[in-house]
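Structural description and commentary
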Amino acid sequence: MTQLPFTNPSNKKLSGVGTSTATQMSNPRGGVVLPKRIAALGLRASAMPSMIYVLVGFILGPQLLDILSSEILGHLDPAVSIGLAALGVFVGLGLGSHHARTTRWALLAATIGAVITAAVIAIAMYTLFQFLELDLPSSTAIFAFSIGICGCASAAASLGYDIRPHRHIAARIAELEDVPLIILGGLAVTLASAGIDPFGQMRLAIIASLAISIAGWLLFERARSDAERAVFVTGAIALLGGLPAFIGASPLVSGVVAGLVWVYIPGSADRIIASDLRKLQQPLVPLLLIVAGASIQLNPLLLWITVPLVLFRLSGKLIASTAAARIVGAPAAFVGTVLVPPGAIGIAIALNIQQVLGTGDTILVSSIIMAAVASEILAVALLTVKEEWFN
């Protein structure tokens, strides 16, 4: 996930936009190096781990207590869309606030790495699906494309600032990987919605996001009180979530576009939205994870998808880290180790795709969550290595 704040190219202070102060953990005797990662979806390090929310959702969901029944989950769709838009705004603010020179090469490496990993997963899973002739909730090609995008997300490493350059750039690659994944995820959403013109849907959603962000900018700057400004911020985020969902596009993409506009537009819109949106983020982000957990369906098909997905993801990450490391001049072993831990942005994109599929089958979300849990365990094993690997 993208971290905030960094040097802002527009020289505007993003006060109120903070992340955890997690730092690198190292053994003083030269033993184990375990980079702390900021919590998924922007949650602070002191917050409950994201997978705990997923577990809570699973317990409350139809598989166990059935408190969050399928009907209730359907009614929560508008709140999920708003939460996705809020998440996208924070990614956009984070991307715009990075130093341009640092961002350029790291974003290129992150994009190439994400495309390679997604392609490896998608092609391998498509071949597997064709061979097994599985009953999927959408066409085999769209489902494989979607699972490739959702499955390759990485969690951002917080390695501190007093570190060597290759460690710093590897962390930036993991953070900026969200950007190409959200764009590809937006395409997957429009394809899954079975619209007549997927690219037209994305174009319309982007134009609407630009209009909403400019209207919001005009209102934020002229608010006469904090309460009035909070109403404007909430309304803007609701529009960024609701309008794309209505036309079958991605609220995540709309949020990123709006976040970038608010960073680069004159004034203090970015500072205002970051400060006020933080209050909305705290309930909305756990809601996304709880809904995702409640959507898990346990069936034999889940095993056939999850186990290969974890293996294909690891293979894709190793190939992608080699390519990304050549671009930024960092050790491939270290870049690969940083990129292996799964990011919860993949769960968010899977939820978004699941919304537009409109079926009761949640195998996509279920497999992404199970693969994330398995990949997290695998990442802990890979991160426990000798420090000389990273020198």
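Residues numbered from 1 in each chain as written. Predicted model: local features only at pLDDT ≥ 70, side-chain atom pairs only at ≥ 80, totals over all residues. Heavy atoms only, no water.

With respect to the overall build of the protein chain
Note the following rule: Strands are runs of DSSP state E lasting at least two residues, helices are runs of H or I lasting at least four, and both sets are numbered from the N terminus onward. Relative accessibility decides the category of a residue: with a 1.4 Å probe and only protein chains considered, values under 20% of the type maximum give buried, values over 50% give exposed, and everything between is partly exposed. By the convention used here, residues are in contact when the closest approach between their heavy atoms is within 4.5 Å. Per-residue and other accessible areas follow the Shrake-Rupley method at a 1.4 Å probe size, with only the shown protein chains counted as cover for residues.
Helix and strand content of the protein chain: 15 helices and two strands. The buried share of the protein chain, taken over its 391 residues, is 54%. Expressed as a percentage of contacts within the protein chain between residues at least 6 apart in sequence, the contacts between residues at least 24 apart total 82%. On the protein chain, roughly 16000 Å² of surface is accessible, and the fraction owed to carbon and sulfur atoms is 67%.

Focus: a nonpolar patch on the surface
This is how the line gets drawn: Like-charged residues within 9 Å of one another, or nonpolar side chains (Val, Leu, Ile, Met, Phe, Trp, Tyr) within 5 Å, are grouped into patches, provided each residue has over 30% relative accessible area and no salt bridge. Any Lys or Arg side-chain nitrogen found within 4 Å of a carboxyl oxygen on Asp or Glu counts as a salt bridge.
A cluster of nonpolar side chains, contributed by Leu 55, Ile 59, Leu 64, Leu 65 and Ile 67, occupies part of the molecular surface with about 460 Å² of accessible area. By secondary structure assignment, the location of Ile 67 is in the loop between α1 (50-60) and α2 (70-75).

Section: the state of the cysteines
Note the threshold: Sulfur atoms of two cysteines make up a disulfide when they are within 2.5 Å.
All told, the structure shown has zero disulfides when counted by the stated rule. With no disulfide partner, Cys 150 has as its closest neighbouring cysteine sulfur the one in Cys 152, 8.5 Å distant. Note on Cys 152: relative accessible area 0%, which makes it buried.

Quick word on helix α14 (residues 345-357)
The cut-off we apply is this: What a helix should span is 1.5 Å times the count of its residues minus one.
The terminal C-alpha atoms of α14 lie 19 Å apart, and with 13 residues this matches the ideal 18 Å at 1.5 Å per residue to within 8%. Counting buried residues in α14 gives 11 out of 13 residues, a clear majority hidden from the surface. Buried within α14 are the following residues: Ile 345, Gly 346, Ile 347, Ala 348, Ile 349, Ala 350, Leu 351, Asn 352, Ile 353, Gln 354 and Leu 357. Count one or two residues on from α14 and you reach Gly 358, which has phi positive near 65°.

Quick notes on the packing of helix α9 (residues 226-247) against helix α11 (residues 269-294)
The criterion, for reference: Orientation is described by axes fitted as lines to C-alpha atoms, over the contacting stretch for helices, and by angles from 0 to 180 degrees between their N-to-C directions. Working definition: roughly parallel below 35 degrees, roughly antiparallel above 145 degrees, roughly perpendicular at 65 to 115 degrees, and oblique for all remaining angles.
Direction vectors running N to C along α9 and α11 enclose 75°, while the axes themselves pass 10 Å from each other. The angle between α9 and α11 places the two elements in the roughly perpendicular class. For the pair α9 and α11, contact is made by Arg 229, Ala 230, Val 233, Thr 234 and Ile 237 and by Ile 272, Ile 273, Asp 276, Leu 277 and Leu 280, respectively.

Structural notes on the environment of Leu 351
When you line up the elements, Leu 351 lands in helix α14. Given a relative accessible area of 5%, Leu 351 falls into the buried group.

Re the confidence of the model for the protein chain
Stated formally: What pLDDT conveys is the predictor's confidence in a given residue, as a value from 0 to 100.
Here the protein chain shows a mean pLDDT of 81. Residues at 70 or above account for 81%. Within the protein chain, the lowest mean pLDDT, 36, falls on strand β1 (residues 24-26), and the highest, 95, falls on helix α5 (residues 140-151).

Some remarks on the pattern of salt bridges
When their charged atoms lie close together, side chains carrying opposite charge are able to pair. The tally for this structure, following the rule as stated, stands at six salt bridges. The salt bridge involving Glu 228 is made with Arg 224; its shortest N-O contact spans 3.5 Å. In this structure Glu 228 comes out as partly exposed when scored by relative accessible area, which is 22%. For Arg 224, a relative accessible area of 75% corresponds to the exposed category. The network of salt bridges with shared partners includes Asp 226, Arg 229 and Asp 276.

Remarks on the nonpolar core
Quick note on the threshold: Residues grouped as a nonpolar core are buried Ala, Val, Leu, Ile, Met, Phe, Trp, Tyr and Cys residues, joined through side-chain atoms within 4.5 Å.
Residues Ile 147, Ile 305 and Ile 353 are the most contacted members of the largest nonpolar core, which totals 76 residues. The dominant element in this core, judged by the number of residues it contributes, is helix α4 (residues 100-132), at nine residues. Ile 147 has contacts with Ile 121, Met 125, Ile 305, Leu 309, Leu 364, Ser 367 and Ile 368, leaving out every residue within four places of it along the chain. Counting residues in each nonpolar core, the second largest holds 22 residues, with Leu 93, Ile 212, Trp 262 and Leu 284 among its members.

As for unusual backbone geometry
Residues other than glycine seldom take positive phi values, yet Asp 66 does so here, at roughly 60°. Turning to its location among the elements, Asp 66 is positioned in the loop between α1 and α2. Residues other than glycine seldom take positive phi values, yet Glu 133 does so here, at roughly 55°. Inspection of the secondary structure puts Glu 133 in the loop between α4 and α5.

Some details on the packing of helix α7 (residues 178-192) against α14
Formally: Crossing chirality is assigned from the near helix's rotation relative to the far helix, an anticlockwise turn below a right angle marking it left-handed and a clockwise turn marking it right-handed. Charged residues are taken to be Asp, Glu, Lys and Arg, nonpolar residues to be Ala, Val, Leu, Ile, Met, Phe, Trp, Tyr, Cys and Pro, and polar residues to be all remaining types, Gly included.
Between α7 and α14, whose axes approach to 9 Å, the crossing angle comes to 15°. Accordingly, the angle class assigned to the pair α7 and α14 is roughly parallel. The chirality of how α7 crosses α14 is right-handed. Side by side, α7 and α14 meet where Asp 178, Leu 181, Ile 182, Gly 185, Ala 188, Val 189 and Ala 192 of the first sit next to Ile 345, Ile 349, Asn 352, Ile 353, Val 356 and Leu 357 of the second. Here the residues of the contact of α7 with α14 sort into 10 nonpolar, two polar and one charged.

Notes on the side chain of Thr 190
Position of Thr 190 among the secondary structure elements: in helix α7. Setting aside residues no more than four positions away along its own chain, Thr 190 makes contact with Gly 195, Pro 198, Gln 201, Met 202, Gly 248 and Ala 249.

What about the environment of Ile 207?
Here Ile 207 shows up in helix α8 (residues 198-222). By relative accessible area, Ile 207 is classed as exposed at 52%. Along the primary structure Ile 207 and Ser 254 are separated by 47 residues, whereas in three dimensions their C-alpha atoms are 9.0 Å apart.

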